[in-house]
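Report on the structure
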Amino acid sequence: MENKNIEDLLLNSFDKKITLTEEEVLKQGLSNNSEAKKMNNHFLQIRELLANKEESTFGFFFAERVINKIKVLQDDVEYQLFSLVKRFRLLALGLIIALLSINIVLADGLSVKSILGLEDDTITELVQIDLYKEIIK
Amino acid sequence: MAQQPDDILINQTIKGDMNAFKVLVQRHEGKVAGVVKSMVGSVEEAADIGQEVFIRFYESIAKFRGESSVSTYVVRIAINLSLNELKKRKSKNSFFQLSKEAEMIPAKESKHDLKEMLDIEFNKLEPEFKSVATLRLVEGYSTEETATLLQIPLGTVLSRLSRAQKKLRIGLEKHLKP
């Protein structure tokens, strides 16, 4: 059997259950093939060295630092506003879509005016106000 | 309080008891630190990412339904934030990254042991391989748990694991005992 296949079989055997036939092939490979034996030793060394045997930590008083940071954030107005927006963004989006839908239904058609909920008169008034401002200038 | 189960501590946190949340942080710091340090290295940013993990957990604690364990939940956040950090580093491709890598490469003259060389090779792995190897090989999660945490198929976990180990072996071949 090719070394590449033995290598794949070997790696599979570490992380999943291999079939009895595969197990037999691997056993034979490891007993007859010196390169396969070497590979096996290499992978075992790598796995042994990688395995985290000590409890990791972020250093002293990490939990206290986290709690302090949360308290600082809670006092920050900008953060509060951001959290509020984040929390209610779906509700706000739903509300906007609902309002737009109501406008479209009431106007009995799809147009910019119906989406904005403006009457013809309102637009005319707005234009007139702008014109009036221009004249005054 | 230190003996109480996670769900009780979560309820107390929701009611405003920060001591309960502190116990949760202390209880899960080890797992999160293991994952983050393995992913981004034992650099200053690791502790910042760790803080961010628990802040995100705190922010979403009211929504926490207990469908997964707290450990799974925070480790998932840790993996995502670490991947973001690696992406940021890659896109920056700045002096920062080069200097970080330079710190990790041993000088030719200095004698570094196998573990240090392995760490250097591990840091060279692409993020998708590193995340799988971190969970399975460093933190000892099963392949199924790794797949669940990363939300990828089991087959993908196995193939990435296999490729990661082949890469590590190639990088270390001369230094490993026969």
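No experiment lies behind these values; they were computed from the predicted model shown.

All names here are of chain B. Its domain assignment divides chain B into domain 1 (1-92) and domain 2 (93-178). Between domain 1 and domain 2, the contact holds 18 residues from the first and 18 residues from the second. For the pair domain 1 and domain 2, the summed buried surface comes to about 1700 Å²; carbon and sulfur atoms form 62% of the total. Taken as a group, S38, R76 and K92 account for 29% of the area that domain 1 buries against domain 2, more than any other trio of residues on that side. Taken together, domain 1 and domain 2 are joined by four residue pairs in polar contact (both at pLDDT 80 or more).

Turning next to the pattern of salt bridges. Residues and elements named next belong to chain B. Counted under the stated rule, the structure contains 16 salt bridges over all chains. Between K31 and E139 there is a salt bridge, with its nearest N and O atoms 4.0 Å apart. Within this pair, whereas K31 is found in helix 2 (residues 18-40), its partner E139 is found in the loop between helix 7 (127-138) and helix 8 (143-150), the two being separated by 108 residues in sequence. By relative accessible area, which is 31% here, K31 ends up partly exposed. Look at E139 and you get buried, because its relative accessible area is 13%.

The biggest cluster of nonpolar side chains holds 65 residues, and the ones touching the most others in it are B:F21, B:F54 and B:F57. A total of twelve residues in this core trace back to one element, the largest contributor, which is helix 2 of chain B. Those residues in contact with B:F21, other than ones at most four positions away along the chain, are A:V66, A:I67, A:I70, B:T13, B:F54, B:F57, B:Y58 and B:I61. Judged by nonpolar contacts, the second largest core, of ten residues, contains A:I6, A:L9, A:L26 and A:M39.

Thresholds applied
Residues numbered from 1 in each chain as written. Chains lettered and ligands numbered in written order. Predicted model: local features only at pLDDT ≥ 70, side-chain atom pairs only at ≥ 80, totals over all residues. Heavy atoms only, no water. Domains from an automatic or database assignment. Contact = heavy atoms within 4.5 Å. Buried area = accessible area lost by both parts, 1.4 Å probe. Polar contact = N/O pair within 3.5 Å; in protein donor to acceptor, adjacent residues only side chain to side chain. Salt bridge = Lys/Arg side-chain N within 4 Å of Asp/Glu carboxyl O. Helix = DSSP H or I, 4+ residues; strand = E, 2+ residues; numbered from the N terminus. Buried < 20%, exposed > 50% of the residue type's maximum accessible area, 1.4 Å probe, protein only. Core = buried A, V, L, I, M, F, W, Y, C linked by side-chain atoms within 4.5 Å.

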